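Spelled out from the first residue to the last, the chains are:
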Amino acid sequence: MSKEYEYNGKIYSDENLSKAIDNYGGTLYDLTTELRKEGMCKRLTVYAIGDFTEYDLAVTVNRNHEEIKLYADYEDMLDDYYCWLEV
């Protein structure tokens, strides 16, 4: 079963819940789109060299004294950073 997150009164899940609930907001990718619109996350493409797979990537970098955490995919970001939205 897919994880479910609540944001702005809507439930987001990769499992289609549109027939089960009235406030289905869409997939987890749709949730990240909403978070980007609100300025709560950004999407970027990262190229890296090293001995790891893309699934190992969860890196914290420091840019101008501001901590930035990079994730391999949006699901990892939701699990780690937005876990408080999970229902």
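All values derive from a computational prediction rather than experimental measurement.

Caption draft 1: Representation of the pattern of salt bridges. The final tally for this structure, using the stated rule, is 2 salt bridges. The partner of Asp 79 in a salt bridge is Lys 3, and the shortest N-O contact between them spans 3.2 Å. Taken together, the positions of Asp 79 in helix α2 (residues 74–80) and Lys 3 in the segment before β1 (4–7) put the pair 76 residues apart, joining distant regions of the chain. The shortest N-O distance in the salt bridge between Glu 34 and Lys 37 comes to 3.3 Å. Note that Glu 34 and Lys 37 are positioned in helix α1 (residues 28–37) at a spacing of 3 residues, about one turn of the helix.

Parameters and conventions
Residues numbered from 1 in each chain as written. Predicted model: local features only at pLDDT ≥ 70, side-chain atom pairs only at ≥ 80, totals over all residues. Heavy atoms only, no water. Salt bridge = Lys/Arg side-chain N within 4 Å of Asp/Glu carboxyl O. Helix = DSSP H or I, 4+ residues; strand = E, 2+ residues; numbered from the N terminus.

None of the figures reported here should be taken as evidence of function without further support.
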